[in-house]
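Chain by chain, the residues:
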Amino acid sequence: MSPPVAPPGWSRWLVPPAALSVHLSIGQAYAWSVFKPPLESALGLSGTQSALPFQLGIVMLGLSAAFGGTLVERNGPRWAMTVALVCFSSGFLLSALGASLEQYWLIVLGYGFVGGIGLGIGYISPVSTLIKWFPDRPGMATGIAIMGFGGGALIASPWSAQMLESFGSDSSGIALAFLVHGLTYAVFMLLGVLLVRVPRHAPGARGTAPQAHTGPQVSANQAIRTPQFWCLWIVLCMNVTAGIGILEKAAPMITDFFADTSTPVSVTAAAGFVALLSAANMAGRIGWSSTSDLIGRKNIYRVYLGAGALMYALIALFGDSSKPLFVLCALVILSFYGGGFATVPAYLKDLFGTYQVGAIHGRLLTAWSTAGVLGPLIVNWIADRQEEAGRHGASLYGLSFVIMIGLLVVGFVANELVRPVHPRHHVPAPKEAAHVQRQQSESA
């Protein structure tokens, strides 16, 4: 499937909506916590077990992005979006079969493994293309698209809760909800497949991006040999672990925090909290990433990691005594979480250039795979152990939050160590020019 080249006069502002149609769909992953209580009740699962499809999905996201990044660069965004559509929708259909048969392993296989591949390929599918269309504002461009991934749960969370209420929260009701998700998202993602285009690189062509490959460039194979890549890997991993620790268990967490108060949180209100977190995640992706175009990538990550640690400290110390404080701090943490995702492609572009930024971004997302295991594992495992010890309420999460603060400090230090890439890692200009010419001839 050849990458579709934009015709003369094509507006670059049509590309972000194509990316949004995919990212809003795969962003449903952030609404997984809505399915956790019904699955635990219907199939007799623990909190740790019910997190497994989500954890595996994030692991496969990182792995498929890492191994598929070069294929996405070579085959273009339409191919990648098509693969994402097939895998993500098929994952829901397998999960529907698993829920119907009460075979949890099928849900893990479908949502986690097959759907996770769709997550990874879909997530990176527009990134390189957007940076090439918007070399003047890479933070804003990637933020617009990637905010869709953060905002997916804003739609999926109340939608899923309503379906479970209408269909029932038993295994057959869950199966029907999964089926509707799979079919609906297939149609919505198809819009992005049909709309996306890659830019012509002819200088001065109306409606197209300027020449993308300017300044020092680093190949994907060389990038992973630099300390800058691994410092950013740590930065992303720590920031994601801290955010995903709240996000994956958001609904039961807010319920637990205020279970012993005079104003407990209902199931509907908990789903609303998940939707609010999604809104903060989405707003952070466009707001903070656009800010990074003004103040720089390193400075914005100082905010994400430093202020994020402060927010966690406030929740640990005072969160159970003030519902507004708990919600506000969680929203800020999730805005930093989303902002970190949206800013990192531009950070990579600043350090390594646009030559193979999509492939480099894919490799960096293995940090997300690691964090997708660490965050839920830390929070769920500690909460399960605390519950076994007879504790309840906010005390289930105190130790987890202290660990998150420590991880954010580690990420802060790693960000301080980032420096410009040494010229010995740069791609020689003639080689890069030949690569660009080859890409253009293949796209023609």
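It should be emphasised that the depicted structure is a prediction, and the values quoted were computed from it without experimental measurement.

**Student:** How would you sum up the overall build of the protein? Please name residues and give values.
**Tutor:** Helices and strands together make up the secondary structure of the protein, namely 19 helices and zero strands. Radius of gyration (C-alpha) of the protein: 21 Å, near the 22 Å computed for a compact globule of 444 residues. Each principal axis of the C-alpha distribution contributes one length, and for the protein these read about 65 × 45 × 30 Å. Total accessible area computed for the protein in this model is approximately 16,100 Å², and 68% of it derives from carbon and sulfur atoms. Across the protein, the 24 positively charged side chains and the 18 negatively charged ones have centroids separated by 17 Å.

**Student:** Provide a residue-level description of the environment of Ile174, including the pertinent values.
**Tutor:** Considering the arrangement of structural elements, one finds Ile174 in helix 9 (residues 171-195). Those residues in contact with Ile174 that sit more than four places away from it in its chain are Phe35, Pro38, Leu39, Ala42, Ala99, Leu164, Gly168 and Ser169.

**Student:** Report on the layout of surface pockets, specifying residues and quantitative values.
**Tutor:** The space that makes up the second largest pocket amounts to roughly 640 Å³. If you trace the second largest pocket, you find 30 residues lining it, with Val34, Pro37, Pro38, Ala251 and Val267 closest to the centre. Listed by contribution, the elements that provide at least two residues to the lining of the second largest pocket are helix 2 (36-43), helix 8 (138-167), helix 12 (250-257), helix 13 (267-295) and helix 17 (366-388). Per element, the largest residue contribution to the lining of the second largest pocket is five residues, and it comes from helix 8. When its residues are assigned to classes, the lining of the second largest pocket shows 15 nonpolar, eight polar and seven charged.

**Student:** Requested: an account of the packing of helix 1 (residues 15-26) against helix 6 (residues 104-124), with residues and values cited.
**Tutor:** Where helix 1 meets helix 6, the closest approach of the two axes is 9 Å, and the angle between their N-to-C directions is 150°. Between helix 1 and helix 6, the angle is such that the two are roughly antiparallel. Taken as a pair, helix 1 and helix 6 cross one another with a handedness that is left-handed. In this structure, helix 1 contributes Val22, His23 and Ile26 to the contact, and helix 6 contributes Gly118, Leu119, Gly122 and Tyr123. A class-by-class count of the residues in the contact of helix 1 with helix 6 yields four nonpolar, three polar and no charged.

**Student:** So what's going on with the pattern of salt bridges? Which residues, and what values?
**Tutor:** On inspection of all chains with the given rule, the structure shows seven salt bridges. A salt bridge links Asp293 to Arg297; the nearest nitrogen and oxygen atoms lie 2.8 Å apart. Overall, Arg297 belongs to the buried group, its relative accessible area being 9%. Notably, a salt bridge pairs Arg297 with Asp350, separated by 2.6 Å at the nearest N-O pair. Note that Arg297 is positioned in helix 14 (residues 297-318) and Asp350 in helix 15 (residues 323-352), a separation of 53 residues in sequence.

**Student:** Give a detailed account of the packing of aromatic side chains, specifying residues and quantitative values.
**Tutor:** In total, this model carries 32 aromatic pairs according to the counting rule given. A ring pair is formed by Tyr123 and Phe341, whose centres lie 6.2 Å apart and whose planes are at 70°; its orientation type is edge-to-face. Remark: Phe341 occurs in helix 15 and Tyr123 occurs in helix 6; sequence separation between them is 218 residues. What makes Tyr123 buried here is its relative accessible area of 0%. On the basis of relative accessible area, Phe341 is assigned to the buried category, the value being 1%. Put simply, the rings of Trp32, Phe35, Phe88, Phe92, Tyr111, Trp159, Phe178 and Tyr185 pair up and form one aromatic cluster. Directly above the aromatic system of Trp10 lies the positively charged group of Arg197, at a separation of 4.8 Å from the ring centroid. The ring centre of Phe258 lies 5.4 Å from the NZ or CZ of Lys323, which sits over that ring.

**Student:** Describe the confidence of the model for the protein, and please don't skip the residues or the numbers.
**Tutor:** Chain-level statistics for the protein give a pLDDT mean of 86 and a share of 92% at 70 or above. Per-residue pLDDT stays below 50 along residues 440-444; that stretch engages in three contacts with residues further than four places along the chain or on separate chains.

**Student:** Provide a residue-level description of helix 9, including the pertinent values.
**Tutor:** Helix length check: helix 9 (25 residues) gives 37 Å between terminal C-alpha atoms against 36 Å at 1.5 Å per residue, within 8%. Of all the residues in helix 9, the buried ones are Ser171, Gly173, Ile174, Ala175, Ala177, Phe178, His181, Gly182, Tyr185, Met189, Gly192 and Val193.

**Student:** Go over the side chain of Thr129 with me, naming the residues and quoting the values.
**Tutor:** Within the secondary structure, Thr129 is located in helix 7 (residues 127-133). Look past the residues within four positions of Thr129 in its chain and what remains in contact with it is Val15, Pro77, Arg197, Val198 and Pro199.

**Student:** Hey, could you go over helix 6 for me, with residue numbers and the actual values?
**Tutor:** The end-to-end C-alpha distance of helix 6, which contains 21 residues, comes to 29 Å, matching closely the 30 Å that a straight helix rising 1.5 Å per residue would cover. The sharpest bend along helix 6 reaches about 35° and sits at Gly115. Judged by how many residues are buried, helix 6 sits mostly within the fold: 17 of 21 residues are covered.

**Student:** Lay out the environment of Thr48 with the relevant residues and their values.
**Tutor:** With respect to the element layout, Thr48 can be found in helix 3 (residues 47-50). Residue Thr48 is classed as partly exposed on the basis of its relative accessible area, which comes to 25%.

Procedures and definitions
Residues numbered from 1 in each chain as written. Predicted model: local features only at pLDDT ≥ 70, side-chain atom pairs only at ≥ 80, totals over all residues. Heavy atoms only, no water. Helix = DSSP H or I, 4+ residues; strand = E, 2+ residues; numbered from the N terminus. Rg over C-alpha atoms; globule rule 2.2 N^0.38 Å. Areas by Shrake-Rupley, 256 points an atom, 1.4 Å probe, with all protein chains shown as cover. Lys, Arg positive; Asp, Glu negative; His and termini not counted. Charge placed at Lys NZ, Arg CZ, Asp CG, Glu CD. Contact = heavy atoms within 4.5 Å. 1 Å grid on protein atoms, 1.4 Å probe; cavity = no way out; pocket = protein on both sides within 12 Å on 5 of 7 lines; lining within 4 Å. Points joined across faces, edges and corners; volume = space filled by probe spheres on them. Nonpolar A, V, L, I, M, F, W, Y, C, P; charged D, E, K, R; others polar. Axes fitted to C-alpha atoms, helices over the stretch in contact; angles between N-to-C directions. Parallel < 35°, antiparallel > 145°, perpendicular 65-115°, else oblique. Left-handed = near helix turned anticlockwise from the far one by under 90°. Salt bridge = Lys/Arg side-chain N within 4 Å of Asp/Glu carboxyl O. Buried < 20%, exposed > 50% of the residue type's maximum accessible area, 1.4 Å probe, protein only. Phe/Tyr/Trp six-rings, centres within 6.5 Å; stacked < 30°, edge-to-face > 60°. Lys NZ or Arg CZ within 6 Å of the ring centre and 35° of its normal. pLDDT = per-residue confidence, 0-100. Expected span 1.5 Å × (residues − 1). Bend = angle between axes of the 7 residues up to and from the residue.

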